[in-house]
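Architecture at a glance
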Amino acid sequence: MERALREKLPQLDLDARLQQEYPNLPDDRRWNASLLLPRAAGSILRLAATLPDQQGRQLVGELKVMTQAYVAELTHQER
């Protein structure tokens, strides 16, 4: 995405949190993560809401694992 368009978008809370927690993380990686994580999580949570309770809980558990792995990889590459 072009830099000018990026600057027009409001700063997302996740972007600010990642910037605070991981100041050496490149801006483009941080910004991409701040877009990808909420959208991916939202899609999975919407799907989980349509499933029977037990399956929905399992899906949410997998979402947590997936998110932790993504953030760990993102921040590991930053070092």
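Everything that follows concerns the structure shown earlier in this document.
If you're wondering where the values come from, they're calculated on a predicted model, not measured in any experiment.

1. What to know about the overall build of the chain
For the chain, the helix and strand inventory stands at four helices and zero strands. The buried share among the 79 residues of the chain stands at 23%. Within the structure as shown, the chain displays about 6,000 Å² of accessible surface, and the carbon and sulfur contribution to it stands at 54%.

2. Quick word on the pattern of salt bridges
Considering all chains together, one arrives at three salt bridges under this definition. Residues Arg30 and Asp15 are paired through a salt bridge, measuring 2.9 Å at the closest nitrogen-oxygen approach. Residue Arg30 is located in helix α3 (residues 27-50), and its partner Asp15 is located in helix α2 (residues 13-21); the two are separated by 15 residues in the primary sequence. By relative accessible area, Asp15 is classed as buried at 5%. The residue Arg30 makes a salt bridge to Asp27 at a minimum N-O spacing of 2.9 Å. Within this pair, Arg30 and its partner Asp27 are both found in helix α3, separated by three residues, close to a single helical turn. Each of Asp15, Asp27 and Arg30 takes part in salt bridges that share partners, so that together they form one network.

3. Section: the packing of α2 against α3
Contact geometry of α2 with α3 gives a least axis separation of 8 Å together with a crossing angle of 135°. The angle between α2 and α3 falls in the class oblique. Crossing geometry of α2 relative to α3 is assigned as right-handed. Contact residues: Leu14, Asp15, Leu18 and Gln19 in α2; Arg30, Trp31, Ala33, Ser34, Leu37 and Pro38 in α3.

4. Describing the environment of Gly56
Mapped onto the fold, Gly56 is located in helix α4 (residues 53-78). Accessibility expressed as a relative area gives 7% for Gly56, which makes it buried. Along the sequence, Gly56 and Leu45 sit eleven residues apart, while their C-alpha atoms lie 8.2 Å from each other. Excluding residues within four positions of it along the chain, Gly56 makes contact with Ala48 and Leu51.

About the cut-offs
Residues numbered from 1 in each chain as written. Predicted model: local features only at pLDDT ≥ 70, side-chain atom pairs only at ≥ 80, totals over all residues. Heavy atoms only, no water. Helix = DSSP H or I, 4+ residues; strand = E, 2+ residues; numbered from the N terminus. Buried < 20%, exposed > 50% of the residue type's maximum accessible area, 1.4 Å probe, protein only. Areas by Shrake-Rupley, 256 points an atom, 1.4 Å probe, with all protein chains shown as cover. Salt bridge = Lys/Arg side-chain N within 4 Å of Asp/Glu carboxyl O. Axes fitted to C-alpha atoms, helices over the stretch in contact; angles between N-to-C directions. Parallel < 35°, antiparallel > 145°, perpendicular 65-115°, else oblique. Left-handed = near helix turned anticlockwise from the far one by under 90°. Contact = heavy atoms within 4.5 Å.

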